[in-house]
Amino acid sequence: MAVDPLIELRDVNKHFGQLHVLQHIDLTVDRGEVVVVIGPSGSGKSTLCRAINRLETIESGTIIIDGQALPEEGKALARLRADVGMVFQSFNLFAHKTVLDNVSLGQIKVRGRKKDEAEKRSHRLLERVGLADQAAKYPAQLSGGQQQRVAIARALAMDPKVMLFDEPTSALDPEMINEVLEVMQQLAREGMTMVVVTHEMGFARSAANRVVFMSDGRIIEDRAPDDFFTNPETDRAKDFLSKIL
Ligand code: ADP
Ligand code: MG
């Protein structure tokens, strides 16, 4: 039973042409909860994340964020997107803006902060992700792990109610994965509500309150990590785990 739901999806459906990519998705994420979403490539994990902040439309069902149904468009949608921070596999930073500007611009445009107030906050966040000394650089001057930490700082700068991470470490060289996971672990400890698509099972075991397993557009398991990893119920989950562990 949900205690204090921040995200509620009820019977959400979406097709891409003939492909029923999200099939009757029911998912509740409570405030402060960390939910890790795993499953084979093509099972709908990214589409689910994108639907949660309306980067994808849905055909039926409801998505409620902090008690509010998703608006279709306009300013209300921009504000809602700002409430849902998103970090992608590809860092999606503005290449021609400095690190400081990357973290500050959304605060000024969407949250309406003054430039100096936004920049002060950006500096604090860059410090928090271990990049205090990189503010004046451009994304291309940073490593992949550093760029991803900038992307996390940029999302946090909007004061999101929830953070969605879609395979945030999949594009990184192995030696950079931990520096990003550590920032995410820290966020989880601080009580941030998080939905994390990842194949990093160490992170799932240590940070997740629940693991959601998707297969062919459905959620087929939704359990505590220890239960899931030691005793997966479905053959599909068993098969998936046997391939990645
Ligand atoms: P995952 O993130 O689990 O790998 P995705 O949500 O990216 O899965 O994709 C689920 C399925 O939907 C895949 O078969 C993919 O090819 C398809 N798909 C994703 N985006 C689109 C799109 N914009 N148009 C058509 N098919 C898509
Ligand atoms: Mg994906």
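What counts, and at which threshold
Residue indices follow the written sequence of each chain, beginning from 1 at its first position. Note on labels: chains are lettered from A, ligands numbered from 1, in written order. Where local features are concerned, this predicted model is filtered to residues with pLDDT of at least 70; where side-chain atom pairs are given and counted, the filter is 80 or more; whole-chain, interface and lining totals use all residues. Side-chain calculation: all heavy atoms of the structure are included, whereas hydrogens and water are not. Secondary structure elements follow DSSP: runs of H or I of four or more residues count as helices, runs of E of two or more count as strands, with numbering from the N terminus. The rule is simple: take the accessible area with a 1.4 Å probe, protein chains only, and divide by the maximum for that residue type; under 20% is buried, over 50% is exposed, in between is partly exposed. Contacts are assigned to residue pairs with any non-hydrogen atoms lying within 4.5 Å of each other. Throughout, the Shrake-Rupley method with a 1.4 Å probe supplies accessible areas, and for residues the shown protein chains are the sole cover considered. By definition, two strands form a pair when at least two bridges between them are found by DSSP. Lines fitted to C-alpha atoms define the axes, with helix axes restricted to the stretch in contact, and inter-axis angles between N-to-C directions lie between 0 and 180 degrees. Residues are labelled near a given molecule or strand when at least one of their non-hydrogen atoms is within 4 Å of it. Any pair of nitrogen or oxygen atoms within 3.5 Å is treated as a polar contact; in protein, a donor-acceptor pairing is required on top of that, and neighbouring residues in sequence qualify only through side-chain atoms on both sides. Here the term charged refers only to Asp, Glu, Lys and Arg, the term nonpolar to Ala, Val, Leu, Ile, Met, Phe, Trp, Tyr, Cys and Pro, and the term polar to all other amino acids, Gly among them. Criterion for a salt bridge: a side-chain nitrogen of Lys or Arg within 4 Å of a carboxyl oxygen of Asp or Glu. Reported orientations rely on four angle classes, namely roughly parallel under 35 degrees, roughly antiparallel over 145, roughly perpendicular from 65 to 115, and oblique for the rest. In a left-handed crossing the near helix is turned counterclockwise from the far helix by less than a right angle, and in a right-handed crossing that turn is clockwise. Only Phe, Tyr and Trp rings take part, Trp by its six-membered ring, and two of them pair if their centres are within 6.5 Å. Stacked means planes under 30 degrees apart, edge-to-face means over 60, and tilted covers everything else.

Caption draft 1: The overall build of the protein, seen in detail. A count of helical and extended segments in the protein gives 9 helices and 10 strands. Each of the three principal axes of the protein carries a C-alpha extent, and together these read 50 × 40 × 35 Å. The proportion of buried residues among the 245 residues of the protein is 53%. Of the contacts formed within the protein by residues at least 6 apart in sequence, a portion of 66% connects residues at least 24 apart. Accessible surface computed for the protein: about 11600 Å², of which carbon and sulfur atoms make up 47%.

Caption draft 2: Spatial organisation of the sheet that holds strand β5 (residues 68-69). Sheet architecture is open: 4 strands sit in the order β2-β1-β4-β5, paired in antiparallel fashion. Either end of the sheet is taken by a strand with one partner, and the two such strands are β2 (19-30) and β5. The sheet strands contacting helix α1 (residues 45-52) are β1 (5-16), β2 and β4 (60-65), and the helix crosses β2 at an angle near 60 degrees.

Caption draft 3: Region of interest: the site of ligand 1. Contacts to ligand 1 come from F16, L19, V21, P40, S41, G42, S43, G44, K45, S46 and T47. Here an oxygen atom of ligand 1 sits 3.0 Å away from a polar atom, N or O, in the main chain of G44. Within the contact set of ligand 1, an oxygen atom lies 2.9 Å away from a side-chain nitrogen or oxygen of S46. Broken down by secondary-structure element, the contributors of at least two residues to the shell around ligand 1 are β2 and α1. The biggest single contributor to the shell around ligand 1 is α1, with 3 residues. Looking at the shell around ligand 1 residue by residue, the class counts come to 4 nonpolar, 6 polar and 1 charged.

Caption draft 4: Spotlight on the pattern of salt bridges. In the structure shown here, the tally under the stated rule is 19 salt bridges. The salt bridge involving R31 is made with D66; its shortest N-O contact spans 2.9 Å. Of this pair, R31 sits in the loop between β2 and β3 (34-38) while D66 sits in the loop between β4 and β5; the two residues are 35 residues apart in sequence, bridging distant segments of the chain. Residue R31 is classed as partly exposed on the basis of its relative accessible area, which comes to 41%. Taking the shortest distance from any N to any O, the salt bridge between R121 and D159 comes out at 2.4 Å. Of this pair, R121 sits in helix α4 (residues 115-128) while D159 sits in the loop between α5 (144-156) and β7 (162-166), and the two are 38 residues apart along the sequence. When its relative accessible area of 18% is taken as the criterion, R121 is described as buried. One network of salt bridges, in which partners are shared, links D4, R31, D66, D83, R111 and K161.

Caption draft 5: Representation of the packing of α5 against helix α6 (residues 174-189). Two elements in contact, α5 and α6, have axes separated by 8 Å at closest approach and are oriented at 20 degrees. The angle between α5 and α6 places the two elements in the roughly parallel class. Seen along the crossing, α5 lies across α6 with a hand that is right-handed. Counting all contacts with α5, which are made through G144, G145, Q146, Q148, R149, I152 and L156, the residues of α6 involved are M176, E179, V180, V183, M184 and L187.

Caption draft 6: Spotlight on the packing of helix α3 (residues 99-109) against α5. The N-to-C vectors of α3 and α5 enclose an angle of 25 degrees; their axes lie 8 Å apart at closest approach. What the angle tells us is that α3 and α5 run roughly parallel. At the point where α3 passes α5, the crossing takes the right-handed sense. Across the interface between the two elements, V99, N102 and V103 from α3 touch V150, A153 and R154 from α5. Here the residues of the contact of α3 with α5 sort into 4 nonpolar, 1 polar and 1 charged.

Caption draft 7: Just the packing of aromatic side chains, in detail. This model, assessed by the stated rule, comprises 3 aromatic pairs. Ring centres 5.5 Å apart and planes at 55 degrees place the aromatic pair F213 and F240 in the tilted group. Taken together, the residues span a long stretch of sequence, with F213 in strand β9 (residues 210-215) and F240 in helix α9 (residues 235-244) at a distance of 27 residues. Both residues of the pair, F213 and F240, belong to the buried class.

Caption draft 8: Local environment of helix α2 (residues 74-83). Restricting attention to buried positions, one finds in α2 the residues L77, L80, A82 and D83. Tucked inside the fold, the buried residues of α2 contact β4, β6 (84-87) and β7.

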